Amino acid sequence: MLGCDIIELSRIRKSYETYGDKFVRRILSKEELEIFLKRSNKVEFLAGRFSAKEAISKALKTGIRGNLSFGGISILPDEFGALKIYINGELKENIQVSISHCKEYAMSVSMIKNV
């Protein structure tokens, strides 16, 4: 199953400027927050994670609701930079995601294998 999402960086920037840490903590897991705090391109990072989590929820055909929250999905790099997906702390090796950015947008595609 596939999921895709695209988000305007300006929309994420506005939410970040308006809600600050409250917005960040709603979107990112604790582990992602550690990465975020070290980044200079904070808006791009937030937009990419937001888009990727939406794409994952679309591939799962659940949307973000119930047991699947933004903060419950962690997208973390392994030692080689490949993204690993964790849902509620459990590694989901059957879920892949790709995140891309440009000047105005972040977009993601997610694929679930063997479902």
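We now turn to the structure provided with this report. (Residues numbered from 1 in each chain as written. Predicted model: local features only at pLDDT ≥ 70, side-chain atom pairs only at ≥ 80, totals over all residues. Heavy atoms only, no water.)

## Let's talk about the sheet that holds strand 5 (residues 95-101)
If you trace the 3 strands from one edge of the open sheet to the other, you get 1-6-5, paired in antiparallel fashion. Each edge of the open sheet is held by one strand with a lone partner, namely strand 1 (2-8) and strand 5. Geometrically, the sheet is characterised by an average inter-axis angle of 15 degrees between neighbouring strands, direction not taken into account. Packed on one face of the sheet, helix 1 (residues 9-19) meets strand 1 and strand 6 (105-112) and runs near 65 degrees to strand 1. In the packing of helix 4 (residues 42-60) onto the sheet, contacts are made with strand 1, strand 5 and strand 6, and the angle to strand 1 comes to roughly 150 degrees. (Pairing = 2+ DSSP bridges. Helix = DSSP H or I, 4+ residues; strand = E, 2+ residues; numbered from the N terminus. Axes fitted to C-alpha atoms, helices over the stretch in contact; angles between N-to-C directions. Contact = heavy atoms within 4.5 Å.)

## Looking at helix 4
Each α-helix winds once per 3.6 residues, and so residues spaced three or four apart point in a common direction. Given a rise of 1.5 Å per residue, 19 residues ought to cover 27 Å, and the 27 Å separating the end C-alpha atoms of helix 4 matches this to within 8%. Taken across its 19 residues, helix 4 has 15 buried, putting it largely inside the fold. Note on helix 4: the residue one or two positions beyond its end, K61, has a positive phi of about 65 degrees. (Expected span 1.5 Å × (residues − 1). Buried < 20%, exposed > 50% of the residue type's maximum accessible area, 1.4 Å probe, protein only.)

## Some words on the pattern of salt bridges
One pass over the full model with this rule turns up 4 salt bridges. Residues E32 and R49 are paired through a salt bridge, measuring 3.3 Å at the closest nitrogen-oxygen approach. One end of the pair, E32, is in helix 3 (residues 30-38); the other, R49, is in helix 4, and 17 residues separate them in sequence. With respect to burial, E32 and R49 carry one shared label: buried. Across the pair E90 and K92 runs a salt bridge whose closest N-O atoms are separated by 3.4 Å. Where salt bridges share partners, they join E32, R49 and K53 into one cluster. (Salt bridge = Lys/Arg side-chain N within 4 Å of Asp/Glu carboxyl O.)

## Some remarks on helix 1
Taken residue by residue, helix 1 has L9, I12 and S15 as its buried positions. Viewed end-on, helix 1 has its buried residues packed into an arc of 130 degrees, placing them on one side of the element. Every exposed residue of helix 1 that faces more than 90 degrees away from the buried side is listed here: K14 and E17. Where helix 1 is buried, its residues meet strand 1, helix 2 (21-27), helix 4 and strand 6. Directly beyond the C-terminal end of helix 1, a positive phi value near 55 degrees is found at G20. (Arc of directions from axis to C-beta.)

## With respect to the side chain of S15
Relative to the helices and strands, S15 resides in helix 1. Beyond its immediate chain neighbours, meaning those up to four positions away, S15 contacts G20 and F23.

## Focus: a nonpolar patch on the surface
A cluster of nonpolar residues, L2, V109 and M111, forms a patch on the protein surface that exposes about 250 Å² of accessible area. Note that V109 resides in strand 6. Take V109: its relative accessible area is 33%, and that puts it in the partly exposed class. (Patch = residues over 30% accessible without salt bridge, like charges linked within 9 Å, V, L, I, M, F, W, Y side chains within 5 Å. Areas by Shrake-Rupley, 256 points an atom, 1.4 Å probe, with all protein chains shown as cover.)

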